[in-house]
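Architecture at a glance
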Amino acid sequence: MARAPIISMEKVSKWFGAFRVLKDVDLTVFEGERHVIVGPSGSGKSTLIRCLNRLEEHQAGRIVIDGIELTGSLRNTDEIRREVGMVFQQFNLFPHLTILQNCTLAPIHVRGMDRSEADALAMQYLERVHIPGQADKYPGQLSGGQQQRAAIARALCMNPKIMLFDEPTSALDPVMTKEVLDVMVELADGGMTMVIVTHEMAFARKIAHRMIFMEEAMVIESAPPDAFFDHPQDPRTKRFLGQILDH
Amino acid sequence: MAHADRSNSRYLLRRAFAFSREHFFGSWGSTIVTLIAGMLLFRIAAGVVEWAFLDAVWEGTSGEACRGQGAVACWPFIAAKWQQFVYGTYPQGSQWRVNLAFALGALGLAWLMLPRIPGKSWASAIMVVGYPVFVFFLLTGGSFGLRAVPTKDWGGMLVTITLAASGIAASLPLGILLALGRKSTLPLIRIASTAFIELWRGVPLVTVLFMASVMLPLFLPAGVTFDLLLRCIFGVALFSAAYMAEVVRGGLQAIPRGQYEAASALGLGYWRTMGFVILPQALRIVIPGIVNTFIGLFKDTTLVLIVGLADFLGMVQRNLNDANWFAPGTAMTGYVFAAAVFWVFCFGMSRYARHMEHRLNREGHAQ
Amino acid sequence: MDKAPRRPLLERLTHGASGRAVVAQLALLLVVVLAGGWISHNTIVNLQARNLASGFGFLNYTAGFAISQSPIPYSEQSTYGRALLAGLINTINVSLVGIVCATVLGYILGLARLSRNILISGLATIYVETLRNVPLLLQLFVWYFAVLQPLPKPSASFDLLGLAYLHNRGLQLPSVSLGAAGWPVFAAVLTGLLVVALWARYRRYISRLAVLVPVLLPVFVWMVYGAPFEAQIPQLERFNFVGGTVVRPELMALIVALSTYTAAFIAEIVRAGILSVPRGQIEAAQALGLRRGHIRRSVVMPQALRVIIPPLTSQYLNLTKNSSLAVAIAFPDLVSVFAGTTLSQTGQAVEIVGLTMAIYLTLSLLIAAAMNLANRRFALKER
């Protein structure tokens, strides 16, 4: 297959002052693939995916997304952010706008859609995440699971090619976690390219094309889920899996 | 307690005792203080009531009536002069225009401040832009068949409210820009905004007014003059904008980073993020701070009498020099009246600010 | 741990900003420079048209006016520069005295607001809510025109214990002079305080006796000089008092108005600070058996001070700036003497107002810096 990857990170490094948070990280994601990144806290997982839409700036290496290289150029960054959607651990819905307004804000002002078109689009996605009735409510009136699903719908309204998830269920209780994971599975079934940081191992095993383990700013191991979970190669991976799965 | 009959007078008496024991006579020290303070309070209250009501002079057409009674309140002074206190030397036939302006202003403010009435963004736009322009033409006249009244004839409460309202209307947009500038990542803009803010916050308002009244004419090309009221509005607006900038900055800092990040991730640029996501939330949070700045501004307008502009306090002060009304109690009467008027305005606004603060704390960010 | 690679020079110079950002900043710079140039041009033309001088040479000219209360020797033959100095020192004195009085009064009022005794807390609340909502200038006028001016003539003044007298031209106080020992005794007091402060800082515990050092040392120094002492009690002679010192009504009104007004705000700040200490802290201290006064001193106040100091700094700055209201009652402070009289005599508005603003900025910076040191001392040490 000679097609180009949709995400390509080559030897990416990042420092916070003197402290190195990413060390020569490589990542190659093809369209339609789903990569799940796991690892202990502080390993750089969040920083890695935040570099993909330039919420963090890398200092060494190359990042190319859908043919556009991420550099200091604002125009490139804007273009990439239109193609990459992100879902945050803390939802980050805009509390002073209704759910519908949250979803239509970017399509109207970034893509230039007109209001009725944007409203229809938003309702369509709100139905896909199973909360059409919440459209005129404010985020504070929704449960955590509903808020996160609304955040997913908001990101989808920009029709992105790639969806990034930064620990989307870490702030939710088990019931709400399941709601959100179900939506993410449906999204995966639809063929979306996804890069996910999570601690939900069963979910990861189910949908991932590739599992990536990070520790201390480096990618330690990268393998398809079966190989990753059943035959981990690196001793650090084995130790991590031992800690995580032994509950 | 379930056994006690609540309507029983003995029960009530016991509760009264317990209450006073805790709140008035909790300890020996507390008891002594209560007795002394009680006596003091009574003497002061009695003195005030005597001065203002019992011994005061209520009728009269000049200081004669107030002279023989010692230092008591001379209310006829207020009755005779109140028009000057409110309108200054604004011609009497045209004073209805001032009343109209006040009434519209009060309505607009009510629209803006009462929580349940919708259309707040319309209200803000109208009050900050439309109302000032309309009132300017209404009050200066010269067109639409209205008699021209130059601003040098304005005085009293008219001037005070004009200064305060213009000051706030001008300082809010300017303050927002300065606050955004101070938080900007562009170094030149950040330094310029910070220097500007710290300059106006570090100097007394009196020097700013001197600057506006004395230096400003030097800065403008020869022959271009602004009258004193406009110059003072300019000075007051700049001064107030610096304090407003700090209030807005506090609001901006209270917005979690995640809001900025979510907006960035959606592709919203800087101005759209600020306008649609950040500022609506930040400004709502600092409404109490904005109202407090307004209260301060309202009190500070009294300083313009130092540069010769006759605001409310200035008119009172000028009229105290009227030999016709000279009496031992006149000065205090005038000042007490002025203090009462200011107090009603400022206390009312501070209660509103406190109410909004409670509301915002209770509801978090929701409407 | 290898370091981050160095960015290309251009990127470092512009801090990685985009072309848009650089252009925007250059545009701002251009606008500021152009506006500055236009203003300067107009100013020069206007000054020439009015035949006004420029520059600060006027500071050496003879002032030709008197100053009613001057802290330094000053006469009508002194220069404008000396007048400026006199006004400045007056401003500093009034501000310092005002800050001290306002802090003490505000602290007491803040505690009173929190008292369980309703009469006390009610009175304090009335005080605070009244003074905060009436303009300071109006309060100053009340004190000056309605309280102090109507006082009786010196011959009929209020007699305070036979030592001091209050009348419409001021407050007559007895004066005490220590002769040649004056400055050495003052220096001894300062040295004593410094010794106690250093001792407390480095030894962490000072015995109560250490407080005697700033008291005994000056007394010792005074005795070394032969214990000179000269007291003058004001005596009424015909229509005026002779002897002692007099505090004029302008100064009194200014200090009283500034202190009482600022104290109302400080009371609220102190109250908020004390309320900000979590109830659990007090309960833990009580469980340990500490008594109320001790709890307040060692547990509540240090934590409350953390919250109190920043807004307290604002109030101190406000008080210092508000002292400029002296010009409204003709007390010779910096604004009154320099931006008032000197300006009207020389007409050099730009230099005078500019210099006055610069001086106030400096004072503000100094106070803010001093309070910042205090702030740092009380900040929580975190990870």
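Since we're looking at a predicted model, the values are computed, not measured. Per chain, residue numbering runs from 1 following the sequence as it is written. To read the labels, note that chains go from A and ligands from 1, taken in the order they are written. Since the coordinates come from a predicted model, pLDDT governs what is reported: local features require at least 70, and pairs of side-chain atoms require 80 or more to be given and counted, while whole-chain, interface and lining totals use all residues.

Our focus in this paragraph is the overall build of chain C. The helix and strand tally for chain C stands at 12 helices and 8 strands. Structurally, chain C occupies a C-alpha span of about 75 × 70 × 50 Å along its principal axes. The burial tally for chain C puts 31% of its 383 residues in the buried class. Remark: residues whose backbone-derived C-beta atoms lie within 7 Å of one another are considered to be in contact. The contacts in chain C between residues at least 6 apart in sequence include a share of 65% that link residues at least 24 apart. Strands are runs of DSSP state E lasting at least two residues, helices are runs of H or I lasting at least four, and both sets are numbered from the N terminus onward. Three classes are used. A residue is buried when 20 or more other C-beta atoms lie within 10 Å of its own, exposed when 12 or fewer do, and partly exposed in between, with C-beta atoms placed from the backbone.

Along the backbone of chain B there are 15 helices and 0 strands. In summary, chain B has a C-alpha radius of gyration of 26 Å against a globular reference of 21 Å for 367 residues, an excess of more than 25%. Each principal axis of the C-alpha atoms in chain B carries an extent, and together these give about 70 × 70 × 40 Å. Residues classed as buried in chain B amount to 35% of the 367 residues present. Restricting to contacts in chain B with at least 6 residues of sequence separation, those with at least 24 account for 69%. Our radius of gyration is a C-alpha quantity, and the globule rule it is checked against amounts to 2.2 Å times the number of residues to the power 0.38.

This part is about the environment of G354 of chain C. Residue and element names in this part refer to chain C. Along the chain, G354 falls in helix α12 (residues 349–378). When the 14 C-beta atoms within 10 Å are taken as the criterion, G354 is described as partly exposed. The sequence separation of G354 and T191 amounts to 163 residues, and the corresponding C-alpha distance is 38 Å.

The accessible area lost on association of the parts is a frequent measure of interface size. As assigned here, chain B comprises domain 1 (9–54) and domain 2 (75–90 + 149–363). An automatic or database domain assignment supplies the residue ranges for each domain. Computed from C-alpha atoms alone, the centre-to-centre distance between domain 1 of chain B and domain 2 of chain B is 41 Å.

It is worth spelling out the confidence of the model for chain B at this point. On a scale of 0 to 100, pLDDT captures the predictor's confidence in every residue. Taken as a whole, chain B shows an average pLDDT of 85; of its residues, 96% reach a score of 70 or greater. By mean pLDDT, helix α3 (residues 64–67) of chain B is the weakest element of chain B at 78, and helix α11 (residues 257–265) of chain B is the strongest at 93.

Split by domain assignment, chain C resolves into domain 1 (9–49), domain 2 (80–170 + 247–378) and domain 3 (175–232). Between the C-alpha centres of domain 2 of chain C and domain 3 of chain C there is a distance of 27 Å.

What follows deals with the sheet that holds strand β4 (residues 60–65) of chain A. All names here are of chain A. Reading across the sheet, the 4 strands line up as β2-β1-β4-β5 and stay open at both edges, with antiparallel pairing between neighbours. Only two strands of the sheet have a single neighbouring strand rather than two, namely β2 (19–29) and β5 (68–69). When DSSP locates at least two bridges between a pair of strands, those strands are taken to pair. In the sheet, strand β1 (residues 7–16) pairs with β4 via 5 bridges, with the strands oriented antiparallel. Of the residues in β4, the one forming a bridge with S13 is A60.

Let us look at the interface of chain B and chain C. Each side of the interface is counted separately: chain B has 47 residues, and chain C has 48 residues. Looking at the side of chain B that touches chain C, the elements that each hand over two or more residues are α1 (9–23), α2 (28–54), α8 (187–202), α9 (205–219), α14 (312–320) and α15 (330–363) of chain B. Considering each element in turn, the side of chain B that touches chain C owes the most residues, 10 residues, to α15 of chain B.

This paragraph deals with helix α13 (residues 287–300) of chain B. Residues and elements named next belong to chain B. In this model, α13 (14 residues) spans 20 Å end to end at C-alpha, consistent with the 20 Å of a helix rising 1.5 Å per residue. Along α13, 10 of the 14 residues are buried, which leaves the element largely enclosed by surrounding structure. Among all positions in α13, only P288, I290, V291, T293, F294, I295, L297, F298, K299 and D300 are buried. Each residue after the first adds 1.5 Å to the expected span of a helix.

This next bit is on the nonpolar core. Put simply, a nonpolar core is buried Ala, Val, Leu, Ile, Met, Phe, Trp, Tyr and Cys residues tied into one set by C-beta atoms within 7 Å. The biggest cluster of nonpolar side chains holds 221 residues, and the ones touching the most others in it are L209 of chain B together with L138, L140 and L254 of chain C. In terms of residue count, helix α8 (residues 249–275) of chain C provides more of this core than any other element does, 15 residues in total. Judged by nonpolar contacts, the second largest core, of 9 residues, contains V57, C66, V72 and A327 of chain B.

Let us now look at α1 of chain B. Taking 1.5 Å of rise per residue, 15 residues should cover 21 Å, and α1 of chain B covers 21 Å from first to last C-alpha, within 8% of that figure. Of all 15 residues that make up α1 of chain B, 0 are buried, and the element is exposed over most of its length.

Attention now moves to the packing of helix α3 (residues 80–113) of chain C against helix α10 (residues 292–322) of chain C. Residues and elements named next belong to chain C. Two elements in contact, α3 and α10, have axes separated by 9 Å at closest approach and are oriented at 140°. Taken together, the axes of α3 and α10 are oblique relative to one another. In terms of crossing hand, the pair formed by α3 and α10 is right-handed. For the pair α3 and α10, the contacting residues are S95, G98, I99 and A102 in the first and Y316, L319 and T320 in the second. The residue classification treats Ala, Val, Leu, Ile, Met, Phe, Trp, Tyr, Cys and Pro as nonpolar and Asp, Glu, Lys and Arg as charged. All others, Gly included, are polar. Of the residues that constitute the contact of α3 with α10, the class distribution is 4 nonpolar, 3 polar and no charged. For every element, the axis is a line fit to its C-alpha atoms; helices are fit only across the contacting stretch, and the angle between N-to-C directions ranges from 0 to 180 degrees. Each angle is binned into one of four classes, with values under 35 degrees roughly parallel, values over 145 roughly antiparallel, values of 65 to 115 roughly perpendicular, and all other values oblique. Take the far helix as your reference; a near helix turned counterclockwise from it by less than a right angle gives a left-handed crossing, and one turned clockwise gives a right-handed crossing.

Attention now moves to the environment of P139 of chain A. Within the secondary structure, P139 of chain A is located in the loop between α4 (115–128) and α5 (144–156). Residues P139 of chain A and W15 of chain A, 124 residues apart in the sequence, show an inter-C-alpha distance of 35 Å.

As a further point, take the sheet that holds strand β7 (residues 162–166) of chain A. Two strands in a sheet stick together by hydrogen bonds in their backbones, pointing the same way (parallel) or opposite ways (antiparallel). Residues and elements named next belong to chain A. Read from one edge of the open sheet, 6 strands run β6-β7-β8-β3-β9-β10, paired in mixed fashion. The open sheet has two edge strands, β6 (84–87) and β10 (218–223), and neither has a second partner. On average, each strand axis in the sheet is inclined to that of its neighbour by 15°, with strand direction left out of account.

Turning to the confidence of the model for chain C, a few remarks are in order. Residues and elements named next belong to chain C. Averaged over every residue, the pLDDT of chain C is 84; residues scoring 70 or more account for 95%. The spread of mean pLDDT over the elements of chain C runs between helix α1 (residues 9–13), the lowest at 65, and α8, the highest at 94. Confidence estimates for the predicted assembly give a pTM of 0.83 and an ipTM of 0.87.

It is worth spelling out the pairing of β1 of chain A at this point. With 7 bridges joining them, β1 of chain A and β2 of chain A adopt antiparallel strand pairing. The partner of V12 of chain A across the bridge, within β2 of chain A, is V25 of chain A.

Tracing the backbone shows A338 of chain B in helix α15. Given 24 C-beta atoms within a 10 Å radius, A338 of chain B is considered buried. In this structure the C-alpha to C-alpha distance between A338 of chain B and P118 of chain B, which are 220 residues apart in sequence, comes to 35 Å. Beyond its immediate chain neighbours, meaning those up to four positions away, A338 of chain B contacts F312, L313 and V316 of chain B together with L138 of chain C.

A word on the pairing of β7 of chain A. Regular strands place side chains that alternate from one sheet face to the opposite one. Residues and elements named next belong to chain A. Most of β7 sits inside the fold, with 5 of its 5 residues counted as buried. In β7, alternate side chains face the same way, and those of I162, L164 and D166 on one face and M163 and F165 on the other are all buried. As paired strands, β6 and β7 are joined by 4 bridges and run parallel to one another. Among the inter-strand pairings, M86 is bridged to a residue of β7, identified as L164.

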